[in-house]
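What follows is the residue order along each chain.
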Amino acid sequence: MQYETLPDGTQIPVLGLGTWGIGGGHVADRSQDAHFVEILQRLIDMGYTHIDTAESYAQGHAEELVGVAIRGTPREEIFITTKVAKEHLGYDDVHRAIDGSLRRLGVDYVDLYLIHWPNPAIPLPETFRALNELTADGRVKRVGVSNFDVPLMQEAMALSDTPIATNQVRYNLLSRENVANGVLAFCQEQGIVLTAYSPLKSDVLTHPTVVEIARAHGATPAQVALKWLIDQPRVITIPKSSDLEHARENMDALRLELTAEETERLNNLQA
Ligand SMILES: NC(=O)c1ccc[n+]([C@@H]2O[C@H](COP(=O)([O-])OP(=O)(O)OC[C@H]3O[C@@H](n4cnc5c(N)ncnc54)[C@H](OP(=O)(O)O)[C@@H]3O)[C@@H](O)[C@H]2O)c1
């Protein structure tokens, strides 16, 4: 595994595991629990020790399955990111939300706690009054944000007692909105990690240039898409896979060496 450095000096794996769809989507689906727990355990053994989840995934059931899967692993070997939903950003709701996540995960702290989406209806100072208490009492080791633009990141940085560790945003070869709006450059300047979600989504895997570069290396389009992301300073990514072969393939992306010319072609890719 390779690591990126968070603002507090902690090392975070550049490749984490997304969990959207594990245990259901917008609603919980318990019909494949044993299968998903086994897969998650095998993925942890494969080296996916950074797991990204959220209270809203499968109505909390994704967190429950992660909780079962990590039970046999020493807590300090797993890096858990979870997220508070935009409906829960009021002071009391944040406290309730973290307690629910900790209970479902079966842990007494999370490594990283993100505001999942901004909510203009709830003042950010109120949210941070609660988040600052959580970092002070140790239920949350670090805080971060998700889907924030630069002005909102600046507001969060001013309100947080601890460094904002990451902004988790959509970023892939064909989704560059967080380059255009300055979020990537701001993260890189400030030493904040940009966590790229949906790294393989849309038509990334079938784009002819991606396919051609993959073929030249005997690699796969997914490996090219992931390596292009993690080659960038301060960028990590969290592909979701509950398919052992895909997950292995994604992990092997770390070994791919893109040439400067290939990286340039990928930088200039047109959808
Ligand atoms: N903060 C936010 O608002 C937000 C929003 C969206 C997502 N996220 C997080 O980011 C994670 C990743 O994003 P995502 O799930 O939207 O998209 P993604 O990881 O880009 O794509 C997941 C899809 O790609 C497939 N896949 C994975 N590896 C593959 C491979 N090597 N070859 C072919 N297909 C492959 C998966 O199927 P298999 O399982 O069959 O491999 C799954 O269908 C989520 O799971 C979630 O944790 C956060």
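Residues numbered from 1 in each chain as written. Predicted model: local features only at pLDDT ≥ 70, side-chain atom pairs only at ≥ 80, totals over all residues. Heavy atoms only, no water.

The name that an unreviewed UniProt entry assigns to the protein chain is Aldo/keto reductase, with the source organism given as Litorilinea aerophila.

### Details of the site of the ligand
In the neighbourhood of the ligand, 27 residues make up the surrounding shell, with Asp52, Leu200, Lys240, Ser241 and His246 lying closest. In the model, an oxygen atom of the ligand is placed 3.4 Å from a nitrogen or oxygen of the His116 side chain. A distance of 2.6 Å is found between an oxygen atom of the ligand and a side-chain nitrogen or oxygen belonging to Ser241. For the ligand, whose accessible area on its own is 900 Å², the fraction buried by protein is 83%. Here the shell around the ligand takes three residues from helix H10 (residues 244–252), the largest share from any one element. The residue makeup of the shell around the ligand, split by class, is ten nonpolar, eleven polar and six charged. (Near = heavy atom within 4 Å. Polar contact = N/O pair within 3.5 Å; in protein donor to acceptor, adjacent residues only side chain to side chain. Areas by Shrake-Rupley, 256 points an atom, 1.4 Å probe, with all protein chains shown as cover. Helix = DSSP H or I, 4+ residues; strand = E, 2+ residues; numbered from the N terminus. Nonpolar A, V, L, I, M, F, W, Y, C, P; charged D, E, K, R; others polar.)

### Focus on the pattern of salt bridges
With the rule as written, the count across this model stands at 14 salt bridges. One salt bridge in this structure joins Arg265 and Glu212, with 3.3 Å as the shortest N-O distance. Placement of Arg265 in helix H11 (residues 260–267) and of Glu212 in helix H8 (residues 208–217) is noted, with a sequence separation of 53 residues between them. Residue classification places Glu212 among the partly exposed positions, given a relative accessible area of 45%. Each member of the salt-bridge network shares a partner with another, and the members are Asp99, Asp137 and Arg139. (Salt bridge = Lys/Arg side-chain N within 4 Å of Asp/Glu carboxyl O. Buried < 20%, exposed > 50% of the residue type's maximum accessible area, 1.4 Å probe, protein only.)

### Re unusual backbone geometry
A negative phi angle characterises most non-glycine residues, just as the trans form characterises most peptide bonds. Phi angles above zero are rare outside glycine, and Gln59 is one such case at about 55°. Within the secondary structure, Gln59 sits in the loop between strand S4 (50–52) and helix H2 (61–69). Of note, Ser202 is a non-glycine position whose phi angle comes to about 65°, a positive value. By the secondary structure assignment, Ser202 is in the loop between strand S9 (193–197) and H8. Look at Ser202 and you get exposed, because its relative accessible area is 51%.

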